[in-house]
Amino acid sequence: MTNTRSITPHSAEETRQLELLRQHRKAHRQKNELTTALAVEAIALPSQATRGERLADIVASTVGSWRFIVLQSTAIVFWITSNALTGTHAWDPFPFILLNLLLSFQAAYTAPAIMMSQNRQSEMDRRHAQSDYAINVKAELEIELLHQKIDLLKAQELLELTQAVRELSSQVKVLTQKYDR
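These notes cover the structure that comes with them. Please read these numbers as outputs of a predicted model, since none were measured by experiment. Residue positions are given per chain, counted from 1 along the sequence in the order it is written. In view of the model being predicted, local features appear only for residues whose pLDDT reaches at least 70, and side-chain atom pairs are presented and counted only at 80 or more, with totals across whole chains, interfaces and linings using the full set of residues. Water and hydrogen atoms play no part in the side-chain values, which are based on all heavy atoms of the structure.

In terms of helices and strands, the protein chain carries five helices and zero strands. Secondary structure elements of the protein chain occur, N-terminal to C-terminal, as α-α-α-α-α. Taking all 181 residues of the protein chain together, 20% fall into the buried category. It only takes one pair of heavy atoms within 4.5 Å for two residues to be counted as in contact. Long-range contacts, defined as pairs at least 24 residues apart, comprise 72% of the intrachain contacts of the protein chain with a sequence gap of at least 6. Summed over its atoms, the accessible surface of the protein chain is roughly 14200 Å², and 64% of this surface lies on carbon and sulfur atoms. Put simply, DSSP marks the helices as runs of H or I at least four residues long and the strands as runs of E at least two long, and each gets a number from the N terminus on. Only protein chains enter the area calculation, which uses a 1.4 Å probe; residues under 20% of their type maximum are buried, those over 50% are exposed, and those in between are partly exposed. The accessible surface values rely on the Shrake-Rupley method and a 1.4 Å probe; as for residues, cover is taken only from the protein chains in view.

Moving on, we get to a nonpolar patch on the surface. Exposure above 30% relative accessible area and no salt bridge define the residues that can form patches, which grow by joining like charges within 9 Å and nonpolar side chains of Val, Leu, Ile, Met, Phe, Trp and Tyr within 5 Å. Whenever a carboxyl oxygen of Asp or Glu lies within 4 Å of a side-chain nitrogen of Lys or Arg, that contact is scored as a salt bridge. A cluster of nonpolar side chains, namely Trp91, Leu98, Leu101, Leu102, Phe105 and Tyr109, defines an oily patch on the protein surface of about 660 Å² accessible area. Following the sequence through the fold, tyrosine 109 ends up in helix 5 (residues 97-180).

On to the packing of aromatic side chains, then. Each aromatic pair joins two rings of Phe, Tyr and Trp (for Trp, the six-membered one) with centres within 6.5 Å, and gets the label stacked for planes under 30 degrees apart, edge-to-face for over 60, and tilted for any other angle. Across all of its chains, the model carries two aromatic pairs by this definition. Ring plane angle 70 degrees and centroid distance 5.8 Å describe the contact between phenylalanine 94 and phenylalanine 96, whose orientation is recorded as edge-to-face. On the basis of relative accessible area, phenylalanine 94 is assigned to the exposed category, the value being 67%.

In this model, phenylalanine 96 sits at a positive phi of 50 degrees, which is unusual for a non-glycine residue. Note on placement: phenylalanine 96 falls in the loop between helix 4 (66-86) and helix 5.

Helix span is expected to be 1.5 Å times the residue number reduced by one. Look at helix 4: 30 Å from first C-alpha to last across 21 residues, which is about the 30 Å you get at 1.5 Å a residue. Residues of helix 4 that are buried: Trp79, Ser82 and Asn83. The arc that holds the buried residues of helix 4, viewed along the axis, is 95 degrees, so those residues lie on one side. In helix 4, those exposed residues whose orientation departs by more than 90 degrees from the buried face are Trp66, Val77, Ala84 and Leu85. On its buried face, helix 4 is in contact with helix 5. In the segment just after helix 4, glycine 87 is the residue with positive phi, at about 75 degrees. To obtain the arc, one takes the directions from the helix axis to the C-beta atoms.

Let us now look at the pattern of salt bridges. Tallying each qualifying case throughout the model produces three salt bridges. For glutamate 123, the salt bridge identified is with arginine 126, shortest N-O distance 2.4 Å. Here glutamate 123 pairs with arginine 126, and both are found in helix 5, just three residues apart, close to one helical turn. As a salt-bridge pair, arginine 127 and glutamate 123 come within 3.3 Å of each other at their nearest N and O atoms. A residue pair is termed a helical-turn pair when its members lie 3 or 4 positions apart in one helix, as arginine 127 and glutamate 123 do in helix 5 at four residues. Within this structure, Glu123, Arg126 and Arg127 form a network of salt bridges that share partners.

Right under this line is the structure:
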């Protein structure tokens, strides 16, 4: 029995479909290369942060830490205790107006810095999501192309098997006709 895979060329329809797949893949890759390059470039931008953005990140990471909370709580307890124990000679007597003023200033300046840092982080997350999307689209296309190739190979193999069955059937027919005579 001869190897039908090496003898059977692609049909005109199969060749046309393969060419269409190649063109589609090439066009999609060119489009995605540009998108992926832009996404990678966009992700690289955060390292080029301005001084203000870096300062906002430092403030947010400092104020948002347990170390800061413990130190500030200790300072407030010390402030209140020392003013309460000093009595009439306290630099900030009971309603602790100076302490309230200092805490208000701190809140007024740290809140916008934290918001700037969060906005910057959300922009970086958005860029990462865009990059992930571009990668997922490319992976989906590659998987789709693999499925199409497998389907083409299955169809080709089915054609070859059908041809082999026909050849074997004709050989069996010839042999049975020989023995029937």
